[in-house]
Amino acid sequence: MSPPGLPNARVLIVDDVPENLAVLGELLQHEGYQVQVANGGAVALRLAVGPPAPDLILLDVTMPGMDGYEVLRRLRADPRTAALPVLFLTARGDPGDEEYGLLQGAEDYLTKPIRPALVLARVRNQLQAKRARDVLANQNALLEAEVRRRMEDNDRIQRVTIRALAHLAETRDPETGNHILRTQSYMGLLARRLASHPRHAAVLDEAMIEQLVRSAPLHDIGKVGIPDHILLKRAPLAPDEWEVMKTHARLGAEAIEQAERDIDQPVPFLQVARQIARWHHEHWDGRGYPDGLVGEAIPLSARLMAVADVFDSLVSPRVYKRPFDVERARQAIVDGRGTQFDPDVVDAFCAGFDDFVAVARSHGLPVG
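In this text the structure is predicted, and so the values were computed from the model without any measurement.

Conventions we followed
- Residues numbered from 1 in each chain as written.
- Predicted model: local features only at pLDDT ≥ 70, side-chain atom pairs only at ≥ 80, totals over all residues.
- Heavy atoms only, no water.
- Helix = DSSP H or I, 4+ residues; strand = E, 2+ residues; numbered from the N terminus.
- Contact = heavy atoms within 4.5 Å.
- Phe/Tyr/Trp six-rings, centres within 6.5 Å; stacked < 30°, edge-to-face > 60°.
- Lys NZ or Arg CZ within 6 Å of the ring centre and 35° of its normal.
- Buried < 20%, exposed > 50% of the residue type's maximum accessible area, 1.4 Å probe, protein only.
- Pairing = 2+ DSSP bridges.
- Right-handed = clockwise from strand over helix to strand, strands pointing away.
- Patch = residues over 30% accessible without salt bridge, like charges linked within 9 Å, V, L, I, M, F, W, Y side chains within 5 Å.
- Areas by Shrake-Rupley, 256 points an atom, 1.4 Å probe, with all protein chains shown as cover.
- Salt bridge = Lys/Arg side-chain N within 4 Å of Asp/Glu carboxyl O.
- Axes fitted to C-alpha atoms, helices over the stretch in contact; angles between N-to-C directions.
- Polar contact = N/O pair within 3.5 Å; in protein donor to acceptor, adjacent residues only side chain to side chain.

### Some remarks on the environment of L45
Looking at the secondary structure, you find L45 in helix α2 (residues 41-48). For the pair L45 and V71, spaced 26 residues apart in sequence, the C-alpha separation works out to 7.1 Å. Sequence-distant contacts of L45, defined by excluding residues within four places in its chain, comprise M66, V71, R74 and L75.

### Section: the packing of aromatic side chains
Counted under the stated rule, the structure contains 10 aromatic pairs. In this structure an aromatic cluster arises from ring pairing among Y186, F311, F349, F353 and F356. Positioned over the ring face of F324 is R328, at 3.7 Å from the centre of the ring.

### Quick word on the pairing of strand β4 (residues 86-90)
With respect to burial, β4 is a largely interior element, five of its five residues being buried. A two-sided burial pattern is seen for β4, the buried positions comprising V86, F88 and T90 on one face and L87 and L89 on the other. Note: strand β3 (residues 56-60) against β4, four bridges, orientation parallel. Directly across from L59, in β4, lies its bridge partner F88. Traced from β3 through helix α3 (residues 68-77) to β4, the parallel crossover comes out right-handed. By the bridge criterion, four bridges tie β4 to strand β5 (residues 108-111) in an arrangement that is parallel.

### Side note on a nonpolar patch on the surface
Taken together, L143, V147 and M151 make up a surface patch of nonpolar side chains, about 300 Å² in accessible area. The residue V147 is located in helix α5 (residues 116-171) in this model.

### A word on the sheet that holds β3
Pairing in this open sheet of five strands is parallel, and the strands run β2-β1-β3-β4-β5 from one edge to the other. Each having just a single partner strand, β2 (34-38) and β5 make up the two edges of the open sheet. Recorded for the sheet is a direction-independent mean angle of 20° between the axes of neighbouring strands. Each of β1 (10-14), β2, β3 and β4 is contacted by helix α1 (residues 18-30), which is oriented at about 170° to β1, the strand it contacts most.

### Let's talk about the pairing of β3
Along a regular strand, successive side chains alternate from one face of the sheet to the other. Within β3, five of the five residues are buried, leaving the element largely enclosed by the surrounding structure. Residues of β3 alternate between two faces, with L56, L58 and D60 on one and I57 and L59 on the opposite face, all of them buried. Pairing of β1 with β3 involves four bridges; the strand directions are parallel. Paired with V14 across the bridge in β3 is L59.

### Looking at the environment of D60
Here D60 shows up in strand β3. If we ignore the near neighbours within four places in the chain, the residues touching D60 are V14, D15, D16, G68, L89, T90 and K112. Only 3.1 Å separates the side chain of D60 from the side chain of K112, close enough to count as a polar contact.

Written out as structure tokens, the structure reads:
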């Protein structure tokens, strides 16, 4: 029968003396343990990785060829066996030997000739400790899996919510089509290409790029506050109407800022979304809106969105204009380098221009 609380416990005995293997094997089998034996280090290492793998190793120190210390060193160096508990067996009685063995990573140290009751007690204690560690590890793995699942659920909910809010703004302006999907993709292309630039590499790590891409769909959320007679006008806006239209940047930023105040802890992507919403119409030379920011006073997130947004607007059809072909749109962005747009962002756009065109085509624009 199996030892109490230790069903199917498997013990590997390693000793170059057959008599020792026989004595220990019989003792442990009589107590209900499953026993494997090895007469040398090489065999022990092979059996240790299984299958089936042992739960505990009784390891003789003094063996020809590969001694017990070397076997233990190799066990600890292999991720598959690094956590296996090892009890050293030795005829050496010097306390220094015991101390050395424990320092090498053995769990315990038994001297020969063996005392059966002591061997069984030490084996049982080590196996019970291993079972407890295994249970804890399994519980931790389950907990980590549950935490990961919940984080993935929260992430999915967050993405869907962002997309829903962005589509809400888009429904007010049916001509925009897949504008939010395209500009989100453009944002990722620009940020990843600019990440290799010496001036921006420290800021544009993968976490920041993820925040930029996640935040991009909210850039025009403020348009929900623009009156229909202006937002849906099927002709160019009059000057006074244009002034109202420009307020969408401020309205969007204020809405996101209110959402930030409603939660207990700051959410990094909302901070980025607020920057994009408020300042993606600012110009590098200070002639943009709503605040007339100049150069690097404009957050990088907004400078990236400025190029993404304008390119998509240029190549998209509107009731009051025909779409630009891609070369004309590219030239318009280049002409705005250093005036409307950050020169570094324009350079990144030009370097990845073919990718921009591919995104536009994949999301429904018949660009030529």
